[in-house]
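Each chain, letter by letter, is given below.
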Amino acid sequence: MYGGFRYSLDLQGAEPTLVSESCCRVVEGSEERQEVDVHCSRLVPQKPRSTGIEIIRKDDGVPDVSRGE
């Protein structure tokens, strides 16, 4: 599979809230979290995740623009 959904029911507040989290493994940054209650649905902003991949600069004299060189 290339992604999926996770659902949960949050009963901590005054009203129950359905929480849906989704992602697609082949699209970086595709994670979404939505909260649905009796009044509305909201898209909750997500923090970007680190891919865990470190890019090592080769010493070839070419400036690395990602580091502002």
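## Some words on the pattern of salt bridges
Now for step 1: A complete count under the given rule lists five salt bridges for this structure.
Now for step 2: Residue Glu21 pairs with Arg6 through a salt bridge whose shortest N-O separation is 3.0 Å. Note that Glu21 is positioned in strand S2 (residues 17-24) and Arg6 in strand S1 (residues 3-10), a separation of 15 residues in sequence.
Now for step 3: For Glu21, a relative accessible area of 23% translates into the label partly exposed.
Now for step 4: Put simply, Arg42 and Glu35 hold a salt bridge, and the shortest N to O gap is 3.6 Å.
Now for step 5: The partly exposed category is assigned to Arg42, whose relative accessible area is 31%.
Now for step 6: Given the relative accessible area of 18%, Glu35 is considered buried.
Now for step 7: A cluster of three or more residues bridged by salt bridges with shared partners is formed by Arg6, Glu21, Arg33, Glu35, Asp37 and Arg42.

## A short note on the side chain of Glu35
Now for step 1: Within the fold, Glu35 resides in strand S3 (residues 32-36).
Now for step 2: If sequence neighbours within four positions are ignored, Glu35 has contacts with Thr17, Leu18, Val19, Cys40, Ser41, Arg42 and Val44.

## Focus: the sheet that holds S1
Neighbouring strands of a sheet are bound in pairs by backbone hydrogen bonds; such pairs are parallel or else antiparallel.
Now for step 1: Strands sit in the order S1-S2-S3-S4 across an open sheet of four strands; the sheet is antiparallel. What marks the edges here is a single partner per strand, and that holds for S1 and strand S4 (41-44). Direction aside, neighbouring strands of the sheet carry axes that sit 20 degrees apart on average.

## Describing the packing of aromatic side chains
Now for step 1: Throughout the structure, instances matching the rule amount to one aromatic pair.
Now for step 2: Between Phe5 and Tyr7, the aromatic rings sit 6.2 Å apart at their centres with planes inclined by 10 degrees, giving stacked as the arrangement.
Now for step 3: A relative accessible area of 61% places Phe5 in the exposed class.
Now for step 4: On the basis of relative accessible area, Tyr7 is assigned to the exposed category, the value being 54%.

Each value, and the rule that gives it
- Numbers given to residues run from 1 along each chain, matching the order in which its sequence is written.
- Local features in this predicted model are restricted to residues whose pLDDT is 70 or higher, and side-chain atom pairs enter the listing and the counts only when it is 80 or higher, whereas totals over whole chains, interfaces and linings include all residues.
- The side-chain quantities take in all heavy atoms of the structure and omit both hydrogens and water.
- By salt bridge we mean one thing: a side-chain nitrogen of Lys or Arg within 4 Å of a carboxyl oxygen of Asp or Glu.
- Helix and strand definitions here come from DSSP, where helices need a minimum of 4 consecutive H or I residues and strands a minimum of 2 consecutive E residues; each element is numbered from the N-terminal end.
- To sort residues, take the accessible area from a 1.4 Å probe on protein chains only and compare it with the maximum for the residue type: under 20% means buried, over 50% means exposed, and anything in between is partly exposed.
- The contact definition used throughout considers only heavy atoms, calling two residues in contact when any of these lie within 4.5 Å.
- The rule for pairing is simple: two strands pair if DSSP sees at least two bridges between them.
- For every element, the axis is a line fit to its C-alpha atoms; helices are fit only across the contacting stretch, and the angle between N-to-C directions ranges from 0 to 180 degrees.
- Stacked, tilted and edge-to-face pairs are distinguished by plane angle, under 30 degrees for stacked and over 60 for edge-to-face with tilted covering the rest, among Phe, Tyr and Trp rings (Trp via its six-membered ring) whose centres lie within 6.5 Å.

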